[in-house]
Amino acid sequence: MKKIFSIMMACAMVIAVGSCRKNTVISSTSSVASFETVGLGSERDGSMTVRAWGKGKDKADALEQARKNALYDVIFKGVKKGEGTFNARPIIYEVNAETKYEYYFNQFFADGGEYTTYATFEDENRRARIVAKGKAQENWSTVIRVKRSELKQRLIDDGIIKP
């Protein structure tokens, strides 16, 4: 009888210790997803097609942020990942250009700003897809056409870069 009681107590302790331990649950796939802009192709007119990601309170907000992120990467960072031999260098090579021309780019990237002229959605309904959705925000990716040559000419005309 003592053996049975001892075994039951040992089992109860193992169950109690196991239930006290807090389980960690990863609630979204965004913690393992890469949100780097990826090149999908370039055209003879100087435009390029990229897949970009954005975060926002809803789908529309996230897709607008993706459009801004795509342009930001094309201007300042370049698009290093892509299909085949895709490798687009940044338009602006100048160190700390974002800070130096902050007044210009704050207006350029403002909601409804000039950035909308240089980045258009490629069939948004067919190619936009959700990456992760949480209580406060959603992460969406979409395919965007960036008018790189027109954007570069605009930056030359505005005196941000030299020809």
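Not measured: the values here are computed from a predicted model.

### Describing the packing of aromatic side chains
The relative placement of two aromatic rings is captured by the distance of their centres and the angle of their planes.
Stage number 1. Overall, the coordinates contain 10 aromatic pairs when judged by the stated rule.
Stage number 2. Plain terms: the ring middles of Phe-105 and Phe-108 are 6.3 Å apart, the flat faces sit at 80 degrees to each other, and that makes the pair edge-to-face. Remark: Phe-108 and Phe-105 occur in helix 4 (residues 102–108); sequence separation between them is 3 residues, near one turn of the helix.
Stage number 3. The class for Phe-105 is buried, based on a relative accessible area of 5%.
Stage number 4. Here Phe-108 falls in the buried class, since its relative accessible area comes to 3%.
Stage number 5. Joined through ring pairs, the aromatic side chains of Tyr-72, Phe-76, Tyr-104, Phe-105, Phe-108, Phe-109, Tyr-115 and Tyr-118 make up one cluster.

### So, the side chain of Asp-73
Stage number 1. Within the secondary structure, Asp-73 is located in helix 2 (residues 59–77).
Stage number 2. Residue Asp-73 is classed as buried on the basis of its relative accessible area, which comes to 8%.
Stage number 3. Within polar-contact distance, the side chain of Asp-73 engages the side chain of Thr-37 at 2.4 Å.
Stage number 4. Each residue touching Asp-73, except ones within four places of it in the same chain, is listed here: Thr-37 and Gly-78.

### Observations regarding helix 2
Stage number 1. Counted at 1.5 Å a residue, the expected span for helix 2 with its 19 residues is 27 Å, and the 25 Å between its end C-alpha atoms agrees.
Stage number 2. For helix 2, the full list of buried residues reads Ala-62, Leu-63, Ala-66, Arg-67, Lys-68, Ala-70, Leu-71, Asp-73, Val-74, Ile-75 and Phe-76.
Stage number 3. Positive backbone phi, approximately 85 degrees, marks Gly-78, located one or two places after helix 2.

### Here's the deal with the pairing of strand 6 (residues 138–146)
Sheet faces and side chains relate simply in a regular strand, where the side chains alternate between the two faces.
Stage number 1. Among the 9 residues in strand 6, 8 count as buried, and that is most of the element.
Stage number 2. Sheet topology places strand 2 (residues 48–56) next to strand 6; 9 bridges connect them, and they run antiparallel. When the sheet's bridge partners are listed, Arg-51 is paired in strand 6 with Val-143.
Stage number 3. Of the strand pairs in this sheet, strand 4 (residues 119–121) and strand 6 are connected by 3 bridges, and their pairing is antiparallel. Residue pairing across strands places Thr-120 opposite Arg-145, the latter belonging to strand 6.

Procedures and definitions
Residues numbered from 1 in each chain as written. Predicted model: local features only at pLDDT ≥ 70, side-chain atom pairs only at ≥ 80, totals over all residues. Heavy atoms only, no water. Phe/Tyr/Trp six-rings, centres within 6.5 Å; stacked < 30°, edge-to-face > 60°. Helix = DSSP H or I, 4+ residues; strand = E, 2+ residues; numbered from the N terminus. Buried < 20%, exposed > 50% of the residue type's maximum accessible area, 1.4 Å probe, protein only. Polar contact = N/O pair within 3.5 Å; in protein donor to acceptor, adjacent residues only side chain to side chain. Contact = heavy atoms within 4.5 Å. Expected span 1.5 Å × (residues − 1). Pairing = 2+ DSSP bridges.

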